[in-house]
Amino acid sequence: MARSSAAYDHQATSATTIYRDTYYDSLDRSLTAIGRELRVRTVTSNEGRHVLLTHKSPMVDEASHSKPEDETEVADAEAIDTILRSLGYNPYISFEKYCTNWQFQARGRAMLATMVTVPELDGTFLEIETIVDSLDQLPAALEAVRLQMYDLGITEDDLSTMDYTEAVTEHRDHQRPTNP
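Definitions and limits used
- Residues numbered from 1 in each chain as written.
- Predicted model: local features only at pLDDT ≥ 70, side-chain atom pairs only at ≥ 80, totals over all residues.
- Heavy atoms only, no water.
- Salt bridge = Lys/Arg side-chain N within 4 Å of Asp/Glu carboxyl O.
- Helix = DSSP H or I, 4+ residues; strand = E, 2+ residues; numbered from the N terminus.
- Buried < 20%, exposed > 50% of the residue type's maximum accessible area, 1.4 Å probe, protein only.
- Pairing = 2+ DSSP bridges.
- Axes fitted to C-alpha atoms, helices over the stretch in contact; angles between N-to-C directions.
- Contact = heavy atoms within 4.5 Å.
- 1 Å grid on protein atoms, 1.4 Å probe; cavity = no way out; pocket = protein on both sides within 12 Å on 5 of 7 lines; lining within 4 Å.
- Points joined across faces, edges and corners; volume = space filled by probe spheres on them.
- Nonpolar A, V, L, I, M, F, W, Y, C, P; charged D, E, K, R; others polar.

## Concerning the pattern of salt bridges
Inspection of every chain in the model, using the stated rule, returns eight salt bridges. Salt-bridge contacts for E37 lead to K67; the nearest nitrogen and oxygen are separated by 2.7 Å. Note that E37 is positioned in strand β2 (residues 37-45) and K67 in the loop between β3 (48-56) and β4 (69-74), a separation of 30 residues in sequence. Overall, the relative accessible area of 9% leaves E37 in the buried class. Here R107 makes a salt bridge to D151, at a shortest N to O gap of 2.6 Å. In this pair, R107 is assigned in the loop between β5 (90-106) and β6 (109-117) and D151 in helix α4 (residues 138-151), connecting sequence segments 44 residues apart. On the basis of relative accessible area, R107 is assigned to the partly exposed category, the value being 39%.

Encoded structure:
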């Protein structure tokens with residue numbers, strides 16, 4: 001992935017951040033069961049710290065696992081944690097992601113490329129995102145993202161649709177000692 005990093009350094013200025021993500025669900029995991037996610041993300045960077053509350057709807061594209069998101073900044077991570085718990089949503093997984101972000105224009109679209117390292121996982125991951133105003137714009141947006149990846153030499157064989165929550169859970173399950 002180093003070549004991807006160098007390619008973006010020529011297109012845009014990078015910003016390094018640490019994301020502390022906590023995912024919430026009810027005890028019966030009803031949100032997860034229908035493909036929804038509820039996340040509180042604390043972002044720490046050179047510019048300071050801010051907290052985002054995100055709701056992800058079920059995926060709208062099977063190949064990319066794209067999910068519509070609604071996100072808002074909140075003032076206090078502890079307060080939003082208390083509110084979510086009082087509504088019956090409890091943390092079920094938390095982890096950190098070390099990210100370098102590049103914002104740039106490509107193929108007529110504003111894009112965000114993020115190089116991600118999760119300390120618990122092997123490897124480095126590249127995410128490329130763009131925003132659409134409506135689902136009818138999704139095919140063209142996904143094609144623009146795919147072409148951007150191909151320009152970097154990323155092939156279909158390099159792609160993964162595993163969510164970080166799924167990958168971290170799987171890693172932690174393999175780290176647990178088994179009882180004889």
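## Overview of the sheet that holds β5
Read across the sheet, seven strands follow the order β4-β3-β2-β1-β5-β6-β7 without closing on themselves; strand pairing throughout is antiparallel. The sheet is open, and its two borders are formed by β4 and β7 (125-130), each paired with just one other strand. On average, each strand axis in the sheet is tilted by 30 degrees relative to the strand beside it, whichever way the strands run. Strand contacts of helix α5 (residues 164-175): β1 (14-25), β5, β6 and β7, with the helix running at about 135 degrees to β5, the strand carrying the most contacts.

## Points about the layout of surface pockets
In this model, the second largest pocket occupies a volume close to 260 Å³. Counting only elements with at least two residues in the lining of the second largest pocket, the list comes to β5 and α5. It is α5 that contributes the most residues to the lining of the second largest pocket, five residues altogether. Tallied by class, the residues present in the lining of the second largest pocket amount to two nonpolar, four polar and nine charged.

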